[in-house]
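Residue-level listing of the chains:
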Amino acid sequence: MLPDTVIDNRYKIIKSLGGGGMANVYLAYDKFLNRHVTFKMMRLDMKDDTNLAKRFKREAIAATELVHDNIVQVYDTGEYEGTQYLVMEYVEGMDLKTFITDNFPIPYQQVVDIMTQILSAVQAAHAADIIHRDLKPQNILINDAGQVKITDFGIAVAKSLQNMTQTNTVIGSVHYLSPEQTRGGMASTKSDIYALGVMLYEMLTKQVPYEGDTPVAVAMKHATEDMPSVRDFDPRIPQALENVILKATAKRPQDRYSNAAAMSDDLSTALSPRRSDEERFAPMSETTDETRIIPMAQIQDQLKTGVSSDKSLPDDAPEEPSIKDAIIEHGKKGYAVKSIAKMVDRTPSYVRQVLKENGIKFRKAPKWPWAILGVVILGTLVVMFLNYQSSKLVVPDVTNLTQDSATNKLQKAGLTVGSVSSTTSTTVDKGNVVRTSPKSGSEAKKGDTINLIISSGRAKVRFGDYVGSDYAMTAAQLRAQGYTVNKQDSASDDVAEGKIMSQSVDADGKVDPTSTTVVFTVSTGAAKVTVPDFTNKATQQQVQDWASQHDIVVNFNTQYDGTTKKDYVISQSIRGGSNITKDMVLLVTISRGPQTDSSSSSSVSSSSSSSDASKSSSSSASSSDSSHKN
């Protein structure tokens, strides 16, 4: 789509931001609300797929209901020249993929903070029965204030319908597909959790766990191979932090976290010293049914020599004579077992076995040096622990405090205030603290730097001029953006029914959609007046008075009538109880009383004029009936 193209008289395309598997992405300007937006349009080669288009639209509508600080808001959906489009919040910053590349290695606490925001958003989506299905770093945006925003909730389902082997569609996502998805199974909340585990792996290692020549090869590894250890990449990574990855990426969905909130709770303590001795996570379902106890010495020998010391092996199992002879020779010379083991590159248990089999007594290393070393190590650990305990702090909760109050509280706790950034917030007042980094409740040491994120208030936008617009369509769009919309009816001779006549909010006013109520005055069309039943009840003067009061045009004619009193209404062109508008004419016939002989000649002599009047009256009545019908 070319720059300056205007969609639906509202969205002006500024430039292309790239493309994905099924949508082209543009930076656009919303002329109604005076703000930049992200405009996503389905690729032209997919617009004829009606099922895909329906899914796209249905999921987009569902995504408009997701309102969360860490989810890119979907503002609007529509169709342009037969192609579906989405209008979304524009986030200035970068995606998580770029962030990892530019900032690696990322401090562990920052990794936890980023993942905590992602998990909060995913939990909110899952609570609304919306599964993302395509979570990956490219769909995670980080703005300039460090706030995380997940995007593409609206197209994830539609995208998942495409075949995995299609070029440029799932190739970028296959690195995050759960085992059940690679087998053709349905995606679930557990599939999203698996993808989150892979992203956590990538943030800690700058690489994905599985690579392959083809997407199918990568998918097969997800289904069959164990998750590689991040501690093999960096042994300094705490085991508890790796365990979060291992549990999130367990092969069977039932072995993973029950939900995103549970994963977030586990992650929040992963850096705690209390979990420093945690064992490596292993799902119960991945262990064999048969339990076999193997002596540790046998495992060590087999790892070292490649030969098992299992007595079930044949006695004539091959052995390298030179190694055995060397062990015997060194043993006869009185070398200690551990010294011999080092010289022949074998385990001490293997050396002892050879010496025993050949009747050679071996010397055990004295234990007292180890005892002294143990005491020294224990003493050092105690001193280190006491020093650590004396300097250990917990980051206090300063949420909703002013910047000055938060600074004082942190300083009193022995912490240093670092950078101060801002972000919009729907829950925290302007100028108050939204959160800290590291977050409150985290463990810290005296003097550690704590960064503050301050609320800049709710995001405010220009309201816009809606006078003359269709009320039903305008109200639906504004309510989707968070506005409260009320209606006030008013008759109008000049404005068509259903059109907005005026609005209570200034068009150029900057407002927060989620806390703004607008009242639209809407035309009900021309004013309508109920016509009374004048027949035999009102005189000509009374009818004229009523017509003047309501600004209604009335034409009168007269005729002799022996049953109706003189000057009273005989009939009316519009039935009593009906409604009439100002552009209609009411024709009323007035009684001249009964006809007498004296009036006959007058009647005859004036027959010509009466005839003309009758014709005029008839013409007026016809016009009045026509107006009433219209």
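Residues numbered from 1 in each chain as written. Predicted model: local features only at pLDDT ≥ 70, side-chain atom pairs only at ≥ 80, totals over all residues. Heavy atoms only, no water.

Each helix and strand counted, the protein chain has 20 helices and 24 strands in total. By residue count, 41% of the 630 residues in the protein chain fall in the buried class. Sequence-distant contacts, at least 24 apart, represent 66% of the contacts inside the protein chain between residues at least 6 apart. Counting every atom, the protein chain has about 33,600 Å² of accessible surface; 50% of that belongs to carbon and sulfur. (Helix = DSSP H or I, 4+ residues; strand = E, 2+ residues; numbered from the N terminus. Buried < 20%, exposed > 50% of the residue type's maximum accessible area, 1.4 Å probe, protein only. Contact = heavy atoms within 4.5 Å. Areas by Shrake-Rupley, 256 points an atom, 1.4 Å probe, with all protein chains shown as cover.)

Our next topic: the sheet that holds strand β9 (residues 148-150). Either a parallel or an antiparallel arrangement is found when strands of a sheet pair, and the pairing is made through backbone hydrogen bonds. The three strands lie next to each other as β7-β8-β9, forming an open sheet whose pairing is antiparallel. At either end of the open sheet lies a strand with only one pairing partner, and these are β7 (93-95) and β9. If you compare each strand with its neighbour and ignore which way they point, the axes differ by 25 degrees on average. The pairing of β7 with strand β8 (residues 140-143) spans three bridges and is antiparallel. Note that in β8 the partner of M94 across the bridge is I142. Relative to the sheet, helix α2 (residues 96-103) contacts β7 and β8, its axis offset from that of β7 by approximately 100 degrees. Against the sheet, helix α3 (residues 108-127) touches β8 and β9, its axis set at about 35 degrees to β9. (Pairing = 2+ DSSP bridges. Axes fitted to C-alpha atoms, helices over the stretch in contact; angles between N-to-C directions.)

A word on the packing of aromatic side chains. Applying the stated criterion across every chain, the model contains ten aromatic pairs. Ring geometry for F463 versus Y466: centroids 5.3 Å apart, planes at 75 degrees, classification edge-to-face. Classification of F463 as buried rests on a relative accessible area of 0%. Each ring, one from Y466 and one from F520, has its centre 6.1 Å from the other, and the planes form 75 degrees; the classification is edge-to-face. One end of the pair, Y466, is in the loop between β15 (461-462) and α17 (471-480); the other, F520, is in strand β19 (residues 517-523), and 54 residues separate them in sequence. Members of the aromatic cluster, joined through ring pairs, are F32, F463, Y466, Y471, Y483 and F520. Across from the ring centre of Y75, 3.8 Å away, lies the NZ or CZ of R35, which sits over that ring. The side chain of K565 reaches across the aromatic face of Y568, ending 4.5 Å from its centre. (Phe/Tyr/Trp six-rings, centres within 6.5 Å; stacked < 30°, edge-to-face > 60°. Lys NZ or Arg CZ within 6 Å of the ring centre and 35° of its normal.)

Moving on to the side chain of D113. Residue placement: D113 occurs in helix α3. Buried charged residue D113 carries no salt bridge. Nearest counter-charge: K439, at 5.9 Å. (Lys, Arg positive; Asp, Glu negative; His and termini not counted. Salt bridge = Lys/Arg side-chain N within 4 Å of Asp/Glu carboxyl O.)

Moving on: the pattern of salt bridges. Throughout the structure, instances matching the rule amount to 16 salt bridges. Here D4 makes a salt bridge to K12, at a shortest N to O gap of 3.8 Å. The salt bridge partner of E443 is R274, with a shortest N-O separation of 3.2 Å. Pair noted here: E443 is in strand β13 (residues 443-445) and R274 is in the loop between α10 (260-268) and α11 (296-305), with a separation of 169 residues, a long-range link. Put simply, D266, R275 and E278 are held in one network by salt bridges that share partners.

Our next topic: the environment of F520. For F520, a relative accessible area of 0% puts it in the buried group. When the C-alpha atoms of F520 and V505 are compared, they prove to be 8.9 Å apart, with 15 residues separating the residues in sequence. Once you skip the residues sitting within four places of it in the chain, F520 turns out to touch F463, Y466, Y471, T474, L478, V485, N486, K487, Q488, I500, S502 and Q503.

Moving on, we get to the sheet that holds strand β11 (residues 416-423). Taken in spatial order, the three strands of this open sheet run β11-β14-β12, and their pairing is mixed. Each of the sheet's edge strands pairs with one partner strand only, and the pair in question is β11 and β12 (433-437). Geometrically, the sheet is characterised by an average inter-axis angle of 25 degrees between neighbouring strands, direction not taken into account. The pairing of β12 with strand β14 (residues 449-455) spans four bridges and is classified as antiparallel. Within the sheet, the bridge partner assigned to R435 lies in β14 and is I453. Contacts between helix α16 (residues 403-412) and the sheet are confined to β11, β12 and β14, with β14 contributing the most and set at about 160 degrees to the helix.

This paragraph deals with the environment of M1. One can find M1 in the segment before β1 (6-7). Residue M1 is classed as partly exposed on the basis of its relative accessible area of 34%. Setting aside residues no more than four positions away along its own chain, M1 makes contact with I7, I13, Y26, F39 and M41.

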